[in-house]
Amino acid sequence: VRFDKKAIAVQEIMTWGRLRHVPVVDARDRLVGIISHRDLLHAAIASVTDVPAAERRLHLAQVPIIKVMQPDVTVIGPDASVQEAARMLRQAKFGCLPVVQNDKLVGIITEHDLLGIVENLSD
């Protein structure tokens, strides 16, 4: 998602795509941050149980993505091994690693992706 959007766009993407992480890019597709489901929950004041969902959505419609995203993102290259990606995710306790080549976002690898690889090892 582009960095100049509002947080509500991220919520809609996450809901529609059933995603837990969304990379944030600039106009030249360079990675500038990442937003996790947890980041979005904090921005939506979701921990306050007496705030109606419509009010939380209205709040997110006003919040710029740049205020919610995590700007310091650890990345991996497209030629890295699956083992290297798994090691990085486990050591840093990350849920995902953006894949960057020539300063541009080209993909993302998640814990879920790695579990799928492990599941298919015996096939």
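Residues numbered from 1 in each chain as written. Predicted model: local features only at pLDDT ≥ 70, side-chain atom pairs only at ≥ 80, totals over all residues. Heavy atoms only, no water.

K.L.:
Is there a simple way to explain the overall build of the protein chain in this structure?
P.N.:
Summing up its helical and strand segments, the protein chain has five helices and four strands in all. Starting at the N terminus and walking to the C terminus, you meet the elements of the protein chain as α-β-β-α-α-α-β-β-α. Expressed along its principal axes, the backbone C-alpha trace of the protein chain runs to roughly 45 × 35 × 25 Å. Within the protein chain, the proportion of its 123 residues that are buried is 30%. The long-range fraction of contacts in the protein chain, counting pairs at least 24 apart against all pairs at least 6 apart in sequence, stands at 49%. When the accessible area of the protein chain is evaluated, it comes to approximately 8,400 Å², of which 53% is carbon and sulfur surface. (Helix = DSSP H or I, 4+ residues; strand = E, 2+ residues; numbered from the N terminus. Buried < 20%, exposed > 50% of the residue type's maximum accessible area, 1.4 Å probe, protein only. Contact = heavy atoms within 4.5 Å. Areas by Shrake-Rupley, 256 points an atom, 1.4 Å probe, with all protein chains shown as cover.)

K.L.:
Please clarify how the pairing of strand β4 (residues 104–110) should be interpreted in this entry.
P.N.:
The two faces of a sheet get side chains in turn, since along a regular strand they alternate between them. When strand β3 (residues 96–101) meets β4, the two strands line up antiparallel, connected through six bridges. Residue pairing across strands places Pro98 opposite Ile108, the latter belonging to β4. Here β3 folds back onto β4 in antiparallel fashion, the turn holding two residues, of which Asn102 has a positive phi close to 55°. (Pairing = 2+ DSSP bridges.)

K.L.:
Is there a simple way to think about unusual backbone geometry in this case?
P.N.:
Trans is the prevailing form of peptide bonds, just as negative phi is the prevailing case for residues other than glycine. For Arg18, which is not glycine, the phi dihedral falls at a positive 55°. With respect to the helices and strands, Arg18 occurs in the loop between α1 (7–17) and β1 (21–25). Despite not being glycine, Asn102 has its phi angle at roughly 55°, a positive value. Residue placement: Asn102 occurs in the loop between β3 and β4. Residue classification places Asn102 among the exposed residues on the basis of a relative accessible area of 71%.

K.L.:
Would you take a moment to explain the pairing of β1 for this structure?
P.N.:
Of all five residues in β1, five are buried, a share of seventy percent or more. Going residue by residue along β1, you find His21, Pro23 and Val25 tucked away on one face and Val22 and Val24 tucked away on the opposite face as well. Both β1 and strand β2 (residues 31–36) contribute to a ladder of five bridges, which runs antiparallel. Counted as the bridge partner of His21 is Ser36 from β2.

K.L.:
Is there a simple way to explain the packing of helix α4 (residues 82–92) against helix α5 (residues 111–119) in this structure?
P.N.:
The packing of two helices is summarised by the inter-axis angle and the distance between the axes. Axis separation between α4 and α5 bottoms out at 11 Å; the angle between their running directions is 135°. Classified by the interaxial angle, the pair formed by α4 and α5 is oblique. Note on packing geometry: the crossing formed by α4 with α5 is left-handed. Here α4 contributes Val82, Ala85, Ala86 and Leu89 to the contact with α5, which in turn contributes Glu111, Leu114 and Ile117. Its residues assigned to classes, the contact of α4 with α5 shows six nonpolar, no polar and one charged. (Axes fitted to C-alpha atoms, helices over the stretch in contact; angles between N-to-C directions. Parallel < 35°, antiparallel > 145°, perpendicular 65-115°, else oblique. Left-handed = near helix turned anticlockwise from the far one by under 90°. Nonpolar A, V, L, I, M, F, W, Y, C, P; charged D, E, K, R; others polar.)

K.L.:
Looking at this structure, I do not really get the layout of surface pockets. What am I missing?
P.N.:
Its boundaries defined by the atoms lining it, the largest pocket holds a volume of some 430 Å³. What lines the largest pocket is a set of 16 residues, among which His21, Ser36, Lys93, Phe94 and Gly95 lie closest to the centre. Counting residues per element, the ones that place at least two in the lining of the largest pocket are β2, α2 (37–43) and β3. Sorting elements by how many residues they give to the lining of the largest pocket places α2 first, with three residues. Residues of the lining of the largest pocket, tallied by class, amount to five nonpolar, six polar and five charged. Of the pockets and cavities examined, the second largest pocket occupies roughly 240 Å³. Together, Arg18, Leu19, Arg20, His21, Gly95, Ile108, Thr110, Glu111, His112 and Asp113 line the second largest pocket. (1 Å grid on protein atoms, 1.4 Å probe; cavity = no way out; pocket = protein on both sides within 12 Å on 5 of 7 lines; lining within 4 Å. Points joined across faces, edges and corners; volume = space filled by probe spheres on them.)

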